[in-house]
Amino acid sequence: MKIGVPREVWPGECRVAASPANVKRLGKLGFSVLVESGAGTAASFEDEIYRQAGAEVVEETAALWQQSDIVIKVRAPMENPKTGIDEVDLLREGGTLISFIWPGEEVDLVQKLAARKATVLAMDCVPRISRAQKLDALSSMANIAGYRAVLEAAHHFGSFFTGQMTAAGKVPPAKVMVVGAGVAGLSAIGAARGLGAIVRAFDTRPAVEEQVQSMGAEFLTVRIEEDGTGSGGYAKQMSQAFIDAEHALFEEQAPDIDIIITTALIPGRPAPLLITEQAVKNMKAGSVIVDLAAERGGNTAGAVADQVVLSHGVKIIGYTDLPSRMPKVSSNLYGNNICHLLDDMGGAENYKVDEEDEVVRGALVLNGGAMKWPAPVKKLTEQTKASDPAQQELAAAAVAPAVEKDRGPLALLLIGLALIAVGWSGDTGFLHQVTVFVLSCFIGYQVIWNVSASLHTPLMSVTNAISGIIIVGGMLQLGGPLDSPATILGVIAVFFATINIAGGFLVTQRMLKMFQR
């Protein structure tokens, strides 16, 4: 199968859908990659680098689209402002397109693609579940946007981020407030803290408080108790009373803050106004606001998309192309997301648009021209609504098997008592051994079965100490006759404990490599 990587025609877009490193990875998956000449130039990827990575560089745009079984892009297809040719018309009939699409907003575009019987997967529709994190292009780009927002703020801010004390005088550290502690917000917090600034953060979701504090930032709260946790990893719309309390908090904080970075935005909805004109007035002259939601109207009064506006002595930055301002890393990460998607779809050899796959189904907009968006919503969500009696009954039914499993320790104790009763013959040595055996089984059950499955890997590493004790005990039994049951059991114990220890060390080594740079 051939994958085509065309040049982006969106004005000012510097990203490309696949870097040379991505091309190599796609080659290992069995795909042949066609790259339009100049597609990666703005991201510092010259044509020759693509050739060295194994790609075929195609000069003609139309030829690339027609020869490709799958076309991967960053921006949704549009009319080329230079040639007047619509990219939808270049996609061959029945072809596949993987790109940002925004099907909820670009209805006409989806209809055009459906007319060409295209199969379309939208990277902006990948479900935000644990298994799909490696495909989450929205998070990849938001991470870069948050980092770049801090760099833009530093560029326009007329002082240091970190405090300094020199012979010429003392410079206080910059104070930064991040509104919205999602992916972009947390990235901004980390970047600002890394530069030495004092960081405060606000979010409507109480669950992110620990994440903010773990990064060394102060978490701001309002006095009204209201949970803003919504679906899909986004915050929900808050009540008017809560919004008024937010405005009051930000207006109170504004005089003491040098830089504000706002990230509050839910895809497909207008951006909520958080930083009022009064809050802007309250800030010191020379302060900076970076509004990551400017494309949707902005979180800040006076923000204008793609412009830097001076309001009451405060610079309001409304750039909407922050990931594109770091095109090399953005292209590589976005390409990684697509590589993971194609890998999960079977690679070139077993490629399949599997509608039973939760991730593929979530991203699927069209399949052979047939409308598949939006994906069906699960009837039973993980967070059961307490106000719904029917959902409560389902939750109780789901918990029932777990309650039954908890009878395991009781069964072990009963079996142990039965062994003691059957084997008791007045021999205190036997009673001692059986008691230790039963208690060991009981403790082992509690240690292993009550641990979450996600923690079994580190648990294997910890059990090396227990396995070492087993080996010592087994070796003490090896001095007897070879046909003795004790000797045979000792050999078995040493063998399996050795396997466990070796596996534990290997797992521990792999875990440590995950944290190495």
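These notes cover the structure that comes with them. As the structure is a computational prediction, the values presented were derived from the model and not from experiment. (Residues numbered from 1 in each chain as written. Predicted model: local features only at pLDDT ≥ 70, side-chain atom pairs only at ≥ 80, totals over all residues. Heavy atoms only, no water.)

Examining the packing of helix H1 (residues 20-28) against helix H11 (residues 327-344)
- Where H1 contacts H11, the two axes come as close as 9 Å, and the packing angle between them is 15 degrees. Classified by the interaxial angle, the pair formed by H1 and H11 is roughly parallel. Relative to H11, the crossing made by H1 is right-handed. Facing H1, whose interface residues are Ala21, Asn22, Arg25 and Leu26, H11 presents Ser331, Asn332, Gly335, Asn336, Cys339, His340 and Leu342.
- Split by residue class, the contact of H1 with H11 holds four nonpolar, six polar and one charged. (Axes fitted to C-alpha atoms, helices over the stretch in contact; angles between N-to-C directions. Helix = DSSP H or I, 4+ residues; strand = E, 2+ residues; numbered from the N terminus. Parallel < 35°, antiparallel > 145°, perpendicular 65-115°, else oblique. Left-handed = near helix turned anticlockwise from the far one by under 90°. Contact = heavy atoms within 4.5 Å. Nonpolar A, V, L, I, M, F, W, Y, C, P; charged D, E, K, R; others polar.)

Here we look at the environment of isoleucine 499
- Mapped onto the secondary structure, isoleucine 499 falls in helix H18 (residues 485-514).
- With a relative accessible area of 45%, isoleucine 499 lands in the partly exposed category.
- Through-space distance from the C-alpha of isoleucine 499 to that of serine 467 is 9.2 Å; in sequence the pair is 32 residues apart. (Buried < 20%, exposed > 50% of the residue type's maximum accessible area, 1.4 Å probe, protein only.)

What to know about the nonpolar core
- Counting 42 residues, the largest nonpolar core has Ile72, Ile98 and Tyr334 as the members making the most contacts within it.
- Secondary structure elements with two or more residues in this core: strand S1 (2-5), H1, strand S2 (32-36), helix H2 (47-53), strand S4 (70-72), helix H6 (137-156), H11 and helix H12 (358-363).
- In terms of residue count, H11 provides more of this core than any other element does, five residues in total.
- Residue contacts for tyrosine 334: discarding those within four places in its chain leaves Ala17, Lys73, Val74, Ile98, Ser99, Phe100, Met123, Ala137 and Met141.
- Counting 29 residues, the second largest nonpolar core, distinct from the first, contains Ala188, Ile189, Phe219 and Leu322. (Core = buried A, V, L, I, M, F, W, Y, C linked by side-chain atoms within 4.5 Å.)

As for the pattern of salt bridges
- Per the counting criterion, the structure on display carries 20 salt bridges.
- Here aspartate 357 and arginine 131 are joined by a salt bridge, their closest N and O atoms 3.0 Å apart. Taken as a pair, aspartate 357 in the loop between H11 and H12 and arginine 131 in the loop between strand S6 (119-122) and H6 lie far apart in primary sequence, 226 residues in all.
- By relative accessible area, which is 15% here, aspartate 357 ends up buried.
- Judged by relative accessible area, which is 42%, arginine 131 ranks as partly exposed.
- Counted as one network, the salt bridges with shared partners bring together Arg148, Glu152, Asp321 and Arg325. (Salt bridge = Lys/Arg side-chain N within 4 Å of Asp/Glu carboxyl O.)

Topic: unusual backbone geometry
- For the bond from tryptophan 373 to proline 374, the omega torsion is 0 degrees, close enough to zero to count as cis.
- With respect to the helices and strands, the residue proline 374 is situated in the loop between strand S17 (370-371) and helix H13 (389-405).
- Not every positive phi belongs to a glycine, and tryptophan 102 is a case in point at roughly 55 degrees.
- Following the sequence through the fold, tryptophan 102 ends up in the loop between strand S5 (96-99) and helix H5 (107-115).

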